[in-house]
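For reference, the chains in residue letters:
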Amino acid sequence: MNIGLIAHDSKKKLMQNFCIAYRGILNKHDLYATGTTGRLIEEVTNLTVYKYLAGHLGGEQQLGLQIETNSLDMVIFLRDPLTPRQHEPDVANIFKLCDVHNIPLATNLATAELLIKALERGDLEWREITR
């Protein structure tokens, strides 16, 4: 499965800890991330992450293109809803594209853990049929 990983600055440490905790599951899949998030995940987990540009420099748009072409099977986007962003339209586009293409999306730790456990159980294998 192809998994997209994005984290706003205030959530990057949380994303690192999430990836450490679920390294055993994540290492069986292809990971794609915005630049800084991907680098930080690799530093603490030794997982291989395909990195795009930093989110605000176009990385969210690059991941959006992957979603638009139905190339991602799930997205974990740990976001900070309390801090306004200049690239907020790119963030909203990620959500819209996941909805349009029926791609599971987690925007907080609780939902991310539900998705990763579903992935481990094989509950997301239907994505291989739709891809």
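The structure reproduced in this document is the subject of the present report. This one's a predicted model, so the numbers in the text were calculated from it and none came from an experiment.

1. Brief notes about the overall build of the protein
Now for step 1: Within the protein, the regular secondary structure consists of seven helices and five strands.
Now for step 2: Of the regular secondary structure in the protein, the N- to C-terminal order runs β-α-α-β-α-β-α-β-α-β-α-α.
Now for step 3: Its C-alpha atoms give the protein a radius of gyration of 13 Å, within 12% of the compact-globule value 14 Å for 131 residues.
Now for step 4: Along the longest, intermediate and shortest principal axes, the C-alpha atoms of the protein span 35 × 35 × 25 Å.
Now for step 5: Residues counted as buried form 50% of the 131 residues belonging to the protein.
Now for step 6: Partitioning the contacts of the protein with sequence separation of at least 6, the portion at a separation of at least 24 is 68%.
Now for step 7: Carbon and sulfur atoms form 51% of the exposed surface of the protein, whose accessible area is close to 6700 Å².

2. Observations concerning the packing of aromatic side chains
Now for step 1: Inspection of every chain in the model, using the stated rule, returns four aromatic pairs.
Now for step 2: Arranged with centres 5.0 Å apart and planes meeting at 50°, the rings of F18 and Y22 form a pair that is tilted. One exposure class covers both F18 and Y22, and it is buried.
Now for step 3: Consider the rings of Y32 and Y50, whose centres lie 4.9 Å apart with planes at 25°: the pair is stacked. Of this pair, Y32 sits in strand β2 (residues 30–33) while Y50 sits in strand β3 (residues 49–51), placing them 18 residues apart in sequence.

3. Concerning the side chain of R127
Now for step 1: Note that R127 resides in helix α7 (residues 126–130).
Now for step 2: Relative accessible area serves as the criterion here: at 1%, R127 is assigned to the buried category.
Now for step 3: At 2.8 Å, the side chain of R127 and the backbone oxygen of L72 are in polar contact.
Now for step 4: Here R127 is in contact with M1, N70, L72, D73, H101, N102, I103 and P104, once residues within four sequence places are set aside.

4. Regarding the sheet that holds strand β5 (residues 105–106)
Now for step 1: Taken together, the five strands give an open sheet; going across it, the order is β3-β2-β1-β4-β5, and neighbouring strands pair in parallel fashion. At either end of the open sheet lies a strand with only one pairing partner, and these are β3 and β5.
Now for step 2: Relative to strand β4 (residues 74–78), strand β1 (residues 2–7) runs parallel, the two sharing five bridges. Note on β4: the bridge partner recorded for L5 is I76.
Now for step 3: Taken strand by strand, helix α3 (residues 35–45) contacts β1, β2 and β3, and its axis lies near 155° from that of β3.
Now for step 4: Where helix α4 (residues 59–68) meets the sheet, it contacts β1, β2 and β4, and its direction lies at approximately 155° from that of β1.

Each value, and the rule that gives it
- Residues numbered from 1 in each chain as written.
- Predicted model: local features only at pLDDT ≥ 70, side-chain atom pairs only at ≥ 80, totals over all residues.
- Heavy atoms only, no water.
- Helix = DSSP H or I, 4+ residues; strand = E, 2+ residues; numbered from the N terminus.
- Rg over C-alpha atoms; globule rule 2.2 N^0.38 Å.
- Buried < 20%, exposed > 50% of the residue type's maximum accessible area, 1.4 Å probe, protein only.
- Contact = heavy atoms within 4.5 Å.
- Areas by Shrake-Rupley, 256 points an atom, 1.4 Å probe, with all protein chains shown as cover.
- Phe/Tyr/Trp six-rings, centres within 6.5 Å; stacked < 30°, edge-to-face > 60°.
- Polar contact = N/O pair within 3.5 Å; in protein donor to acceptor, adjacent residues only side chain to side chain.
- Pairing = 2+ DSSP bridges.
- Axes fitted to C-alpha atoms, helices over the stretch in contact; angles between N-to-C directions.

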